[in-house]
Amino acid sequence: MAAGLPARADTAREQQTKACKGDALRLCAFAIPNEKRITACMERKKDKLSPACRAYFKDTPAPQAKAKMPQPKR
């Protein structure tokens, strides 16, 4: 039974690739071929992803805007 698991994982990965390839090219082309950078880019731009691709990022929290720390007065 465990022998079938990698094939399912490949199928899920292929489905994700199919759903997100266009978004990756459109929104994160600068990050290709670095998969970690593509993923980080797509997480930052989750609101711009197609619905099919966004489904793969649904458990990823939206990035928070970083507040600037006030500079000390001199």
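A few points on the structure. (Residues numbered from 1 in each chain as written. Predicted model: local features only at pLDDT ≥ 70, side-chain atom pairs only at ≥ 80, totals over all residues. Heavy atoms only, no water.)

1. Remarks on the pattern of salt bridges
Between side chains of opposite charge, pairing is possible as soon as their charged atoms come close.
Okay, step 1: Evaluation of the coordinates by the stated rule reveals two salt bridges.
Okay, step 2: Among the ionic pairs, R13 bridges to E35, the shortest N-O distance being 2.8 Å. Highlighted residues: R13 in helix α1 (residues 5–27) and E35 in helix α2 (residues 35–44), separated in sequence by 22 residues.
Okay, step 3: Judged by relative accessible area, R13 falls into the partly exposed class, the value being 45%.
Okay, step 4: For E35, a relative accessible area of 47% translates into the label partly exposed.
Okay, step 5: The partner of R26 in a salt bridge is D23, with the nearest N and O atoms 2.7 Å apart. (Salt bridge = Lys/Arg side-chain N within 4 Å of Asp/Glu carboxyl O. Helix = DSSP H or I, 4+ residues; strand = E, 2+ residues; numbered from the N terminus. Buried < 20%, exposed > 50% of the residue type's maximum accessible area, 1.4 Å probe, protein only.)

2. Re the environment of A40
Okay, step 1: With respect to the element layout, A40 can be found in helix α2.
Okay, step 2: A40 sits 12 residues away from C28 along the chain, and the two C-alpha atoms are 9.3 Å apart.

3. Remarks on the nonpolar core
Okay, step 1: By size, the foremost hydrophobic cluster in this structure holds 12 residues: A19, C20, A24, L27, C28, A31, I38, C41, M42, L49, C53 and F57.
Okay, step 2: If you list the elements that add at least two residues to this core, you get α1 and α2.
Okay, step 3: Setting aside chain neighbours within four positions, we find C41 in contact with L27, C28 and F30. (Core = buried A, V, L, I, M, F, W, Y, C linked by side-chain atoms within 4.5 Å. Contact = heavy atoms within 4.5 Å.)

4. So, the layout of surface pockets
Okay, step 1: The space that makes up the largest pocket amounts to roughly 360 Å³.
Okay, step 2: Around the largest pocket, the lining comprises 14 residues; the ones closest to its centre are T17, C20, A24, E35 and I38.
Okay, step 3: Residue assignment for the lining of the largest pocket shows that the elements contributing at least two residues are α1 and α2.
Okay, step 4: Of the residues forming the lining of the largest pocket, the biggest block, seven residues, is contributed by α1.
Okay, step 5: Its residues assigned to classes, the lining of the largest pocket comprises eight nonpolar, three polar and three charged. (1 Å grid on protein atoms, 1.4 Å probe; cavity = no way out; pocket = protein on both sides within 12 Å on 5 of 7 lines; lining within 4 Å. Points joined across faces, edges and corners; volume = space filled by probe spheres on them. Nonpolar A, V, L, I, M, F, W, Y, C, P; charged D, E, K, R; others polar.)

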